[in-house]
Amino acid sequence: MREIELLAPAKNLECGIAAIDHGADAVYIGARNFGARHAAGNSVDDIRTLCLYAHKFGVKVYATVNTIVYDHELDSAVTLVAELAEAGVDAVLVQDMGLLAEARRRGIKMEWHASTQTDNRTAEKVEWLRKLGFSRVVLARELTAKEIEGIHLQVPDVELEVFAHGALCVSFSGQCYASQYCFNRSANRGECAQMCRMRYSVMDADGNEVAPPAYYLSLKDQCQIENLEKIIEAGACSLKIEGRLKDISYVKNVVAAYSQRLDSIIRKSKGTLRRASWGRTELAFAPNLDKTFCRGYTDYFLNGRHADIASLRTPKAIGEYVGKVKEIRNGRQPSFNVASLSSFANGDGLCYLDSEGVMKGFRVNRAEGNRLFPQSMPHDLKPGTPLYRSQDQAFDKLLAGKTAERTIATDMKLSLDGNTLCLEIKGTDAPVHGFASVTLDELQQAQKPQLENINRQLTKLGNTIYRCENVSVAPELKNIFIPSSLLAGLRREAVESIIIPEHAKMTSERNEKSPAPSDSYHRRFEYLHNVANEKARQFYAGLGTEIHGNAFELGNEGGILMQCRHCIRFTLGYCVKNGGKTPKWKEPLSLRLDDGRSFTLEFDCKNCQMNVLVK
């Protein structure tokens, strides 16, 4: 039986608890610093509190310490890892090999996960990471199901974590230096400036505009909810939801939707699959992925290359489609009605794309059925215009309240051993066990049957995370008088005694000598190894890989800024390899920002890769 894990993001403690309540099997969270989302840091105390709550349900907590680390920061980073280990985290995600080496040298026992920032797209790379002692590798988002399967077959004893939902980076993770080059903000330091969400023109070598301004590097958001079985069958054990900068409503809605789908897959597996944690979640709402933040959805490369990947018209969230403008009434109170089956509420946020493809939005001041009175009537809104809802007041209000409860099913057994009344609690879907006993001064015969009261008193578990499925009462107790207060005290004591089994942490110290995988790009630009401290340099040298260049952040001026599987030439219909038209322009092509800055495009058709360069 394979365990499958739904892994959810936690911006903070509140989001982490919400993720667990709504069905997550694991949560990943940033510590106070050194996380790849600089704006999503948390105190070790909050992470400790999250661990205590999570472990009651067998849910794991992973801490992200996955930036590159400078020499003067290394001691602080290692100290942080030690604090996280003491706080109870189940694994730490890292990118920097110097941090890994130094933490081990100081004897910190920890399970290590290789962050997607280590650029994990081949079986060779995953095998190398396995030899270093990583128990899990987070794969690149760009892989197909067939490529994931190939990695699993070649390296079967490493856990594979695969992104299933959320925002997409256009560059292979860990290999994007555009923000650092343009704004001195490093994506490998958690400070991405989102260069991929900016508008560009495509220019040829003679300075002619090949394609008009659009958001050529801005990708839609990934959604694999219809492909979860395929990802699991390919060998993934962890299905990851992106979003450590997202709010609690996003976490609730997305985690609940994927948890429900995963539960249906588990049921269909007929015992070959099981969830990686315990407990049953009951929802107070119907999840709907169209109502949460997204730029439109794509399955990306999972099922092969296709054109529906980029969000060319806008880098912002559009929201769910709600219908078309039907009739517009101007006058003292301008309004319009919508041809739609959706219902609207005062305060809803709507948006549309104008004739030039620019997204515009407005607020609904008042809704009377499908007739909407905007706060200010957009001057270019016309009948037939498709409308999207970017903010759903009714849904937001629903998610703001208590929307889920997660409990662990138990059976209770009440027995009598001489004059000692014993209560045993066992989990039916979790390896939990509790026991309590009390000595009765005397056994009094009851004047009426006791079974109903025994059941009522023992099953009052409303203020705990447990629910009772069945109470077994010894026959000799059914007519013995037991005070309700005694039963209640016995129940409380038994619940308080419940022991949660600890997770076994993998602390492999493997460090087999094997040169780091290096493709032609790494040989051209040594900064792609992201070596930012002397300990990392020594680490690679000890494995037979001499790296002389520094990380891009330490002073490089040019080279590859992005490595992308997404290809603009393919998007424009000019990929001859895939049946596109033969281009008539003179290459190299370049991307030009509105402020005039330009970036060269290099098309590596042999490897189906596009590179964004600066000379």
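Residues numbered from 1 in each chain as written. Predicted model: local features only at pLDDT ≥ 70, side-chain atom pairs only at ≥ 80, totals over all residues. Heavy atoms only, no water.

A few points about the environment of Gly-207
How we decide: The helix and strand labels rest on DSSP assignments: H or I over at least four residues marks a helix, E over at least two residues marks a strand, and numbering proceeds from the N terminus. With a 1.4 Å probe rolled over the protein chains alone, any residue whose accessible area is under 20% of its type maximum counts as buried; one over 50% counts as exposed, and the rest are partly exposed.
Among the structural elements, Gly-207 can be located in the loop between β8 (200–203) and β9 (209–214). A relative accessible area of 45% places Gly-207 in the partly exposed class. Between the C-alpha atoms of Gly-207 and Ile-482, which are 275 residues apart in sequence, the distance is 91 Å.

Structural notes on the nonpolar core
Put simply, the rule reads: Joining through side-chain atoms within 4.5 Å is the link that ties buried Ala, Val, Leu, Ile, Met, Phe, Trp, Tyr and Cys residues into a set, and such a set is a nonpolar core. Here, two residues are considered to be in contact whenever any of their heavy atoms come within 4.5 Å of each other.
In terms of nonpolar packing, the biggest core is built from 120 residues, with Leu-84, Tyr-258 and Leu-414 touching the most fellow members. When residues in this core are grouped by element, the largest group, nine residues, is from helix α9 (residues 248–268). In contact with Leu-414, not counting residues within four places along its chain, are Leu-421, Cys-422, Leu-423, Ile-454, Leu-458, Ser-472, Val-473, Ala-474, Leu-477, Ile-482, Leu-487 and Leu-490. In terms of nonpolar packing, the next biggest core, distinct from the first, is built from 43 residues, Tyr-200, Leu-217, Tyr-300 and Phe-301 among them.

Considerations on the packing of helix α1 (residues 13–21) against helix α2 (residues 44–55)
Formally: Lines fitted to C-alpha atoms define the axes, with helix axes restricted to the stretch in contact, and inter-axis angles between N-to-C directions lie between 0 and 180 degrees. An angle below 35 degrees is treated as roughly parallel, one above 145 as roughly antiparallel, one from 65 to 115 as roughly perpendicular, and anything else as oblique. For any helix crossing, the convention is left-handed if the near helix is rotated counterclockwise from the far helix by under a right angle, and right-handed if that rotation is clockwise. Each residue gets one of three labels, nonpolar for Ala, Val, Leu, Ile, Met, Phe, Trp, Tyr, Cys and Pro, charged for Asp, Glu, Lys and Arg, and polar for the others, Gly among them.
Contact geometry of α1 with α2 gives a least axis separation of 10 Å together with a crossing angle of 10 degrees. In terms of orientation, α1 lies roughly parallel with respect to α2. Considering the relative orientation of α1 and α2, their crossing is right-handed. Here Leu-13, Gly-16, Ile-17, Ile-20 and Asp-21 of α1 lie close against α2, whose contacting residues are Asp-46, Thr-49, Leu-50, Tyr-53 and Ala-54. Along the lines of polarity and charge, the residues of the contact of α1 with α2 split into six nonpolar, two polar and two charged.

Digging into the layout of surface pockets
Here is the rule we go by: Cavity means a closed set of points on a 1 Å grid over the protein atoms alone, one where a 1.4 Å probe fits but cannot get out, pocket means an open set with protein on both sides within 12 Å along at least 5 of 7 lines, and lining means a residue has an atom within 4 Å of a point. Grid points are joined across faces, edges and corners, and a volume is the space filled by probe spheres set on the points.
Approximately 850 Å³ is the volume attributed to the largest pocket. In terms of lining, the largest pocket is formed by 44 residues, of which the most central are Ala-36, Arg-37, Cys-169, Cys-192 and Glu-242. Taken as a whole, the second largest pocket holds about 730 Å³ of empty space. If you trace the second largest pocket, you find 33 residues lining it, with Asp-119, Arg-121, Thr-122, Asp-519 and His-522 closest to the centre. If you list the elements that add at least two residues to the lining of the second largest pocket, you get α5 (123–131), α6 (145–154), α13 (520–524) and α14 (534–542). Residue contributions to the lining of the second largest pocket peak at four residues, all from α5. Classifying every residue of the lining of the second largest pocket by side-chain character gives 13 nonpolar, twelve polar and eight charged.

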